[in-house]
Amino acid sequence: MNIFEQLNKIWSKDYINDMPGFVKERGFVCSKNDSKMDLLITGINPSFREGENPESFCFDFHETMKETKYDNYWGPLRKILVDAENEIDLRSRTAYLDIFYFREKMQGQIRNGILKRPKGIEFLMDQLIVTQKLIEEIIKPKVIIVKNKESAAYWGKLSDKGIIWMGYKIVHEETLNCGELYKIAGLIDSPDRIARDIKITNLKNSFILFSVHINQYTKREKRPTAVIVNDLLNRFNIKS
């Protein structure tokens, strides 16, 4: 899948002119993902920082994880993947993506800006279909960390309230200090599931950890650690 090409098609649709101005003005950002990975970390959408170039582009997450200069967003993620004391380094086994690709720091814009537009649901749905197919067909992770509370609904976590979107059928495994651990049991049988052409998921039995929002202010005991994540990967391999 050429994700840049797929997103270009979305950003070329007429409804882009009906979205909040920043959607068209700033373009999109996506992470390059072209191979299967054991671990997937997901955010909700890329932010737009003051002074950034408002052009669409893709970036290499693995190169980003090699950078030594501290970054308020990527630094906390690096701590999830690397534990020198316990000789754990999961960076080469990890993929990253945001489930949406428009650039905006204020996440309330999804509810208060995009979803209030006549074509807002269609705009989000088109992006989410690209995301789901990328995960299902290419990444196929054993463990997924959903590191943004706002994005949990798009995975099917609120299906009991009629909110379906990607529509994964998930089963609660346990409560951890760093979040709620579930296992993917299949796909929800609902006409509201966005990618109806996906009949069987490749993620069955994968773990999905709905963590608290992770940033530089998150308390240490609330963060997933490399030890915890490595244990989840080992648990998956044992069960498989």
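The written sequence of each chain sets the order in which its residues are numbered from 1. Totals for whole chains, interfaces and linings use every residue, but because this is a predicted model, local features are given only for residues with pLDDT of at least 70 and side-chain atom pairs only at 80 or more, for both listing and counting. Computation of side-chain values: all heavy atoms of the structure, hydrogens and water removed.

Caption draft 1: Region of interest: the state of the cysteines. Our working definition of a disulfide is a cysteine sulfur pair at a distance within 2.5 Å. The full count for this structure, using the stated rule, is 1 disulfide. A sulfur-sulfur distance of 2.4 Å marks the disulfide that ties Cys30 to Cys58. Sign of the S-S torsion, about -45° for the bond between Cys30 and Cys58, identifies this disulfide as left-handed. One end of the pair, Cys30, is in strand S1 (residues 29-31); the other, Cys58, is in strand S3 (residues 57-59), and 28 residues separate them in sequence. A 1.4 Å probe rolled over the protein chains alone gives each residue an accessible area, and that area as a share of the maximum for its type sets the label: buried under 20%, exposed over 50%, partly exposed in between. Its relative accessible area of 1% is what places Cys30 among the buried residues. Numbered from the N terminus, helices here are DSSP runs of H or I no shorter than four residues, and strands are runs of E no shorter than two.

Caption draft 2: Summary view of the pairing of strand S10 (residues 207-211). Within S10, 5 of the 5 residues are buried, which leaves it mostly tucked inside the rest of the structure. As paired elements, strand S7 (residues 143-146) and S10 share 4 bridges and run parallel to each other. When the sheet's bridge partners are listed, Val143 is paired in S10 with Phe207. Two strands are counted as paired when DSSP detects at least two bridges linking them. Bridge count for strand S9 (residues 179-187) against S10 is 5 bridges, and the pairing is antiparallel. Looking at S10, one finds that Lys183 is bridged to Phe207.

Caption draft 3: Molecular detail of the environment of Leu90. Of note, Leu90 is situated in the loop between strand S5 (88-89) and strand S6 (94-98). Between the C-alpha atom of Leu90 and that of Leu124, which follows or precedes it by 34 residues, the distance is 31 Å. Contacts were defined at the residue level, with two residues in contact if any of their heavy atoms lie within 4.5 Å. The contact partners of Leu90, leaving out residues within four places of it in the chain, are Leu81, Ala226, Val229, Asn230 and Leu233.

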